[in-house]
Amino acid sequence: VVEDAQPAIAIEVSFSFWQATEELLVCTAVEGALADTNEMQLLTNIVNAIGCGINRLPQMELIEWPPYPNAAGDESEVREFLATLLNARLDSKPVKSILMLGDSAANWLLSPDLEQQKETGRVVFSEQTTALLLPSLRSMLENPQQKAHAWKTLQYLLPVSSQS
């Protein structure tokens, strides 16, 4: 018996979500391991630099595909699952800004029709929510010049008086 059907590639993705403040949600892809101490410190510093004034980040929420063992789905089903989760979260508690750290988070969590906006680092996600695309924590630690790029994007969140 010759089988023509190619087995579907198993897609596995994980994301960390932190509700840093009422108005700020932080999303990052989990690549290999959860954020380490240095990455968490950098993230805390970033959140505080934009005026959130927190001592430590709240408990992270882990979002994973597949949602249960042996769940199958192609790329569009995975995207739909992630979009549904993110939209349900935003519907229950609207946030003003989402920080998306790393290309993987932006690629999976933003719909392809928003591709055009990604270039600017700022994506209008909905009427009340803007997503800011930043380098991943790991890449900012490995390439400190990426912090300058992130800071430029974050200027959008600062009150006008503190921008210089």
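Residues numbered from 1 in each chain as written. Predicted model: local features only at pLDDT ≥ 70, side-chain atom pairs only at ≥ 80, totals over all residues. Heavy atoms only, no water.

(A) Looking closely at the packing of aromatic side chains. A complete count under the given rule lists one aromatic pair for this structure. Taking the centre distance of 5.0 Å and the plane angle of 65° together, the rings of Trp-65 and Phe-81 count as edge-to-face. Of this pair, Trp-65 sits in strand S3 (residues 61-65) while Phe-81 is found in helix H2 (residues 75-92), placing the two residues 16 residues apart along the sequence. Take Trp-65: its relative accessible area is 9%, and that puts it in the buried class. (Phe/Tyr/Trp six-rings, centres within 6.5 Å; stacked < 30°, edge-to-face > 60°. Helix = DSSP H or I, 4+ residues; strand = E, 2+ residues; numbered from the N terminus. Buried < 20%, exposed > 50% of the residue type's maximum accessible area, 1.4 Å probe, protein only.)

(B) A look at the pattern of salt bridges. Summed over all chains, the structure comprises three salt bridges. Here Glu-61 and Arg-89 are joined by a salt bridge, their closest N and O atoms 2.3 Å apart. One end of the pair, Glu-61, is in strand S3; the other, Arg-89, is in helix H2, with 28 residues separating them in the sequence. Owing to a relative accessible area of 36%, Glu-61 belongs among the partly exposed residues under this scheme. Two residues, Glu-75 and Arg-79, come together in a salt bridge whose shortest N-O distance is 3.1 Å. Of this pair, Glu-75 and Arg-79 both sit in helix H2, four residues apart, which is roughly one turn of the helix. Judged by relative accessible area, Glu-75 falls into the partly exposed class, the value being 42%. (Salt bridge = Lys/Arg side-chain N within 4 Å of Asp/Glu carboxyl O.)

(C) A look at the environment of Val-95. Its location among the elements puts Val-95 in the loop between H2 and strand S4 (97-101). Along the sequence, Val-95 and Leu-24 sit 71 residues apart, while their C-alpha atoms lie 5.7 Å from each other. Residues in contact with Val-95, not counting those within four places in the same chain, are Gln-19, Glu-22, Glu-23, Leu-24, Leu-25, Leu-90, Gln-128 and Thr-129. (Contact = heavy atoms within 4.5 Å.)

(D) Representation of the side chain of Thr-28 in the model. Looking at where Thr-28 falls in the secondary structure, it is placed in strand S2 (residues 24-29). A residue is classified by how much of its surface remains accessible, and Thr-28, at 9% relative accessible area, is buried. Once residues within four sequence positions are removed from consideration, Thr-28 is found in contact with Ser-14, Phe-15, Ser-16, Trp-18, Leu-101 and Ala-105.

(E) Expanded view of the confidence of the model for the protein. Across the protein, pLDDT averages 87, with 91% of residues at or above 70. The least confident element of the protein is helix H4 (residues 115-118), whose mean pLDDT is 82; the most confident is S4, at 96. (pLDDT = per-residue confidence, 0-100.)

(F) Broad picture of helix H1 (residues 37-49). Taking 1.5 Å per residue, 13 residues should reach 18 Å; H1 reaches 18 Å between its end C-alpha atoms and fits that length. Along H1, the residues that are buried comprise Glu-39, Leu-42, Leu-43, Thr-44, Ile-46 and Val-47. On its buried face, H1 is in contact with strand S1 (13-21), S2, S4, helix H5 (137-142) and helix H6 (145-154). N-capping of H1 is provided by Asp-36, with a side-chain oxygen placed 3.1 Å from the backbone N of Asn-38. (Expected span 1.5 Å × (residues − 1). Polar contact = N/O pair within 3.5 Å; in protein donor to acceptor, adjacent residues only side chain to side chain.)

(G) Geometry of the environment of Arg-89. Take Arg-89: its relative accessible area is 19%, and that puts it in the buried class. As for Arg-89 and Leu-25, which are separated by 64 residues in sequence, their C-alpha atoms are 10.0 Å apart. Arg-89 has contacts with Phe-17, Gln-19, Leu-25 and Glu-61, leaving out every residue within four places of it along the chain.

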